[in-house]
Amino acid sequence: MIKTWGKQVFLAGGLALLGLVSQPLWAHAHLIDQVPAEGEVVAEPPEQLELRFDSPIRITQFEVHGPQGEIALSDGPVGEMGEHHEAVPADVLAPGEYRVTWRGLAEDGHTMSGDFRFTVDD
Ligand SMILES: [Cu+2]
């Protein structure tokens, strides 16, 4: 009985080890920072919006909506592969509430998405 138990533990340990070894080369990506921060009230309109990940992802969608609707970007991250992504609004952001929504594809093939809000103070 004890012998059988020991064998099972050994087998489970071996399978766990196999699981570790067979992890994909590219690990799962995580969002580690964004500018402005979620819920932040900024005194000055941000000149750029940023996303930072712990491993490269390709941004497939990046939209900013403000008080007057969708915000045009003079430079956007869509299509780019990297850990750090920036978007530059075409015009100075007027005071009000903004929402950023994004989607991306990590190197491990996983789809990622997120959104955050910030406010440009009057
Ligand atoms: Cu993943």
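Source: prediction; values computed, not measured.

A. How the structure looks around the overall build of the protein. What the protein contains, in helices and strands, is one helix and eight strands. In the protein, the order of α-helices and β-strands from amino to carboxyl end is α-β-β-β-β-β-β-β-β. Each of the 122 residues in the protein was classed as buried or not, and the buried ones make up 28%. Across the protein, every contact between residues at least 6 apart in sequence was considered, and the portion connecting residues at least 24 apart equals 58%. Accessible area for the protein stands at about 8000 Å²; split by element, carbon and sulfur atoms hold 56% of it.

B. Local environment of the nonpolar core. Within the largest apolar cluster, 20 residues are counted, with the highest numbers of intra-cluster contacts made by Ile57, Phe62 and Phe118. Looking at which element gives the most residues to this core, the answer is strand β3 (residues 49–66), with seven residues. Setting aside residues no more than four positions away along its own chain, Phe118 makes contact with Pro36, Ala37, Glu40, Val42, Pro46, Leu49, Leu93, Gly96, Glu97, Tyr98 and Val100.

C. Highlighting the coordination of the copper ion. The coordination sphere of the copper ion, as far as protein atoms go, consists of His28 (ND1), Asp108 (OD) and His110 (ND1), spread over 1.9 to 2.0 Å. Linear spacing of the donor residues for the copper ion on their chain is H-x79-D-x1-H. Of this pair, His28 sits in the loop between α1 (2–21) and β1 (31–35) while Asp108 sits in the loop between β7 (96–106) and β8 (111–120), and the two are 80 residues apart along the sequence.

What counts, and where the lines are drawn
Residues numbered from 1 in each chain as written. Predicted model: local features only at pLDDT ≥ 70, side-chain atom pairs only at ≥ 80, totals over all residues. Heavy atoms only, no water. Helix = DSSP H or I, 4+ residues; strand = E, 2+ residues; numbered from the N terminus. Buried < 20%, exposed > 50% of the residue type's maximum accessible area, 1.4 Å probe, protein only. Contact = heavy atoms within 4.5 Å. Areas by Shrake-Rupley, 256 points an atom, 1.4 Å probe, with all protein chains shown as cover. Core = buried A, V, L, I, M, F, W, Y, C linked by side-chain atoms within 4.5 Å. Donors = N, O, S within 2.8 Å, 3.2 Å for Na, K, Ca; no water.

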